[in-house]
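Structural overview for review
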Amino acid sequence: MLSTLLSQIVNGLVLGSLIGLIALGYTMVYGIIQLINFAHGEVFMVGAYGALAMFTYLLPTFIQQQWYFALPLLLIAGAVVSVGVAVAMERFAYRPLRNAPKLAPLITSLGVSIALQEVIRVFYPGATAAIPFPNIFIPGTWTISVGDGVVPIKYSGILLVVVALVLAYALNMFVERSRMGRAMRATSQDRDVARLMGINPDRVIVLTFALGALLAGIGGVLYGGFYTNINIDIGFQNGIFAFTAAVLGGIGNIRGAVVGGLAIGLIKSLAGQYMPGGSAYDYVWIFVVLIVVLVFRPQGFFGETERVRA
Amino acid sequence: MSGRHARPDMNGTGNESDVTTAIPMVAGGSASGSTILQASGVTMQFGGLRALNDVSFGLSEGEIIGLIGPNGAGKTTLFNCLTGLYAPTSGAVSLRGNPMPQDPARVTEQGVARTFQNIRLFPSMTAAENVMVGRHVRMKQSPLSSLLHGPSFRRSEAEAAERTEKLLAFVGLSQFAGELARNLPYGDQRRLEIARALATDPAVLLLDEPTAGMNAQETEATRQLIFAIRDLGISVVVIEHDTKFIFTLCDRVLVLVQGELLVEGSPDEVRGDPRVVEAYLGAPPDEVDAQIHAAEDEGENHR
């Protein structure tokens, strides 16, 4: 059925944009300090909870009821909470391990991930179960008739895709064409020489965590708005997808993260629809594709082959 | 040759902060300016190895000093002390009378730039971007303006781009602006490294074997480039194995042997000094070759 196919493509693009947004955080941090920050999924999750907390406990009813008041406030709240958590994580968990063997910060990131989940589970009222997330955008669905059926597109899904792509584009511009963006790339290529160019690597690294968290926090709010409820596992699930997307796209590469995210979103929704076993096996197909791509292109879609150091 | 007047040409627009124009200039000949960089009794101990022992010298404004010596003599170690990469075990380095900061980033800000024996460009950035990174300390961009591409952001980017263009032209690499640094020919990589160092608006430029691996023609071009840099009012210290190059380039030559300053003087004085001939120039050619390889290994490990 054409309408089913198109519906699944729409679902895939929405999920894919979200995964891409989270994958940017993985890929940037890896690019700078060669750390897979497994706690990045939780940064996304706390962004959603932060926005939810503000909506529930701080906003007066008349603002809650108007999405155009609530949306910007929720996005800011989600971004602030995520950035705060990520900056604290870098400062207190990873920076002391800057010169430790690479395994130490990696294991630490797993610990931070579990700690953040548990903190939310224990201290956020009602977080032991899924919590409904408020409407953050024009409620409702746009339906397109296609021959034999309809393709439903939620307005909040359109918002998610547009915001994700705009943010990814802005990030790419920032990294390619600004003083701090160049400093980030310089630091990722040769930290000692970057320091000799007057760049403070600690500031660059904090900025990298903060930018990744900004995108993840906004992603968390948009996720809540689209899927209408959140639970403490969303960080882990989407974090695994996003990490996979970053590897698929070529870790350390910004375009790669977005393309990888979209690819994984599409694979998940299309495989869930058309492959044997249905959506119960959609994870399997994601990793099958990952393995196949890495066999033939270990550096991912956009990754560089072994760098030649002059 | 009154290079200080040529400097604004390289600046592009005049309203960037520029270290070299901020230095009080002393009237007079190029090599008779006041002391800008002073090393006093610099000693560097690595465990049981004394890499530098009580090294003192002064660098005047507009002067070119050559630093020669057999491999393992401590030349690169001295550069690392002068740029804040190493903290000397004892002794001090001062810039314009102020103690040198122990942070390489702040050393650059104060106006000392360097190149490396084993070229260390940012390989996956273009030639122009490498030079733009050199502008880092002299640029100001607020985070908000960078994200929104505000007018102050665009002005600062345009200034850096213009300055980069001029620096690439200055070292003769304009045609490679968009090329990835790692794809440039070897000699051009060395010149790009010099352009990147110049982008930080240094008052002192330290060149670690700028002609290593170059043919005669490239070496001559590098000599002219260093003269042109001196004519901009920048003081230069050059490490080089090619003694002919050093003796025809420098105002003053320091000979470092086993971490100690053996001889210091004009090229003619140094060339004729029997201790130098014995310690350095007298080494049979194959031994010199072996030493060069040893130096390259040392360079790889110098962090």
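The numbers attached to residues start from 1 for each chain and follow its sequence in the written order. Each chain gets a letter, beginning with A, and each ligand a number, beginning with 1, in the order they are written. Predicted model: local features are reported for residues with pLDDT of at least 70 only, side-chain atom pairs are reported and counted for 80 or more only, and whole-chain, interface and lining totals are derived from all residues. Side-chain metrics rest on all non-hydrogen atoms present in the structure, leaving aside hydrogens and water.

Quick notes on the overall build of chain A
- Runs of E in the DSSP output that reach at least two residues are strands. Runs of H or I that reach at least four are helices, and both are numbered from the N terminus. A count of helical and extended segments in chain A gives 12 helices and 4 strands.
- Atoms considered for the radius of gyration are the C-alpha atoms alone. The globule rule reads 2.2 Å times the number of residues to the power 0.38. Relative to the compact-globule value of 19 Å for 310 residues, chain A shows a C-alpha radius of gyration of 20 Å, a close match.
- Overall, chain A is about 60 × 50 × 35 Å in size when its C-alpha atoms are taken along their principal axes.
- Taken across its 310 residues, chain A has 54% of its residues classed as buried.
- Throughout, a contact is declared for two residues whenever any of their heavy atoms are within 4.5 Å. Long-range contacts, defined here as pairs at least 24 residues apart, represent 73% of the contacts in chain A between residues at least 6 apart. Think of it in three bands: residues with accessible area under 20% of the maximum for their type are buried, residues over 50% are exposed, and the middle band is partly exposed, with areas taken using a 1.4 Å probe on protein chains only.

Quick word on the environment of Ala 127 of chain B
All names here are of chain B.
- Mapped onto the elements, Ala 127 comes out in helix α5 (residues 127-134).
- With relative accessibility at 0%, the residue Ala 127 sits in the buried group.
- Between the alpha carbons of Ala 127 and Gly 178 there is a distance of 6.2 Å; along the sequence they are 51 residues apart.
- Setting aside chain neighbours within four positions, we find Ala 127 in contact with Phe 176, Ala 177, Glu 179, Ala 181, Leu 184 and Leu 192.

Quick look at the nonpolar core
- Think of a nonpolar core as a cluster: buried Ala, Val, Leu, Ile, Met, Phe, Trp, Tyr and Cys residues, connected wherever their side-chain atoms sit within 4.5 Å. By size, the foremost hydrophobic cluster in this structure holds 100 residues, and its most contacted members are Tyr 49 and Ile 136 of chain A.
- The greatest single-element share of this core, amounting to 13 residues, is contributed by helix α1 (residues 2-33) of chain A.
- Those residues in contact with Ile 136 of chain A that sit more than four places away from it in its chain are Trp 67, Leu 71, Leu 74, Leu 159, Val 221, Leu 222 and Gly 225 of chain A.
- With 41 residues, the next largest nonpolar core counts Ala 199, Val 255, Val 263 and Val 270 of chain B among its residues.

Description of the confidence of the model for chain B
All names here are of chain B.
- When pLDDT is averaged across chain B, the result is 83; 81% of the residues are at 70 or more.
- Below a pLDDT of 50 lies the segment residues 1-31, which in the model reaches 70 contacts outside its immediate sequence neighbourhood of four places, other chains included.
- Model confidence for the complex is summarised by a pTM of 0.85, with the ipTM given as 0.86. In predicted models, pLDDT denotes the confidence assigned by the predictor to each residue on a 0 to 100 scale.

Remarks on the pattern of salt bridges
- Criterion for a salt bridge: a side-chain nitrogen of Lys or Arg within 4 Å of a carboxyl oxygen of Asp or Glu. A full pass over the atoms with the stated rule returns 24 salt bridges over all chains.
- One salt-bridge network, in which partners are shared between bridges, spans Glu 90, Arg 95, Arg 98 and Asp 202 of chain A.

Re helix α12 (residues 282-296) of chain A
Residues and elements named next belong to chain A.
- What a helix should span is 1.5 Å times the count of its residues minus one. For α12, built from 15 residues, the straight-helix expectation of 21 Å at 1.5 Å per residue is met to within 8% by its first-to-last C-alpha distance of 22 Å.
- Every buried residue of α12 is accounted for by Asp 282, Ile 286, Leu 290 and Val 293. Angularly, the buried residues of α12 cover 85 degrees about the axis, an arc narrow enough to put them on a single face. Residues of α12 that are exposed and angled more than 90 degrees away from the buried face: Ile 291, Val 295 and Phe 296.
- Turning to α12, the residues buried within the fold contact α10 (234-249) and α11 (254-274). In this context, the arc is that of the directions from the helix axis out to the C-beta atoms.

Notes on the interface of chain A and chain B
- With 25 residues of chain A in contact, the opposing surface of chain B contributes 32 residues.
- Accessible-area loss on putting two parts together, using a 1.4 Å probe and summing over both, is the definition of buried area adopted here. Summed over both sides, the interface of chain A with chain B buries roughly 2,700 Å², with 62% coming from carbon and sulfur.
- On the chain A side of the contact with chain B, Arg 179, Leu 196 and Met 197 of chain A bury the most area, a combined 28% of that side's loss.
- Put simply, chain A and chain B have 4 salt bridges between them.
- Among the salt bridges present, the one from Arg 120 of chain B reaches Asp 190 of chain A, with a minimum N-O distance of 3.1 Å.
- Polar contact is the term for a pair of N or O atoms within 3.5 Å; when the atoms are in protein, one must be able to donate a hydrogen and the other to accept it, and sequence-neighboring residues count only if both atoms are side-chain atoms. Counting every contact that joins chain A to chain B gives 9 residue pairs in polar contact (both at pLDDT 80 or more).
- No other element matches the 7 residues that helix α7 (residues 179-189) of chain A contributes to the side of chain A that touches chain B.
- Any residue that is not Ala, Val, Leu, Ile, Met, Phe, Trp, Tyr, Cys, Pro, Asp, Glu, Lys or Arg is counted as polar, Gly included; the first ten are nonpolar and the last four charged. Tallied by class, the residues present in the side of chain A that touches chain B amount to 12 nonpolar, 3 polar and 10 charged.

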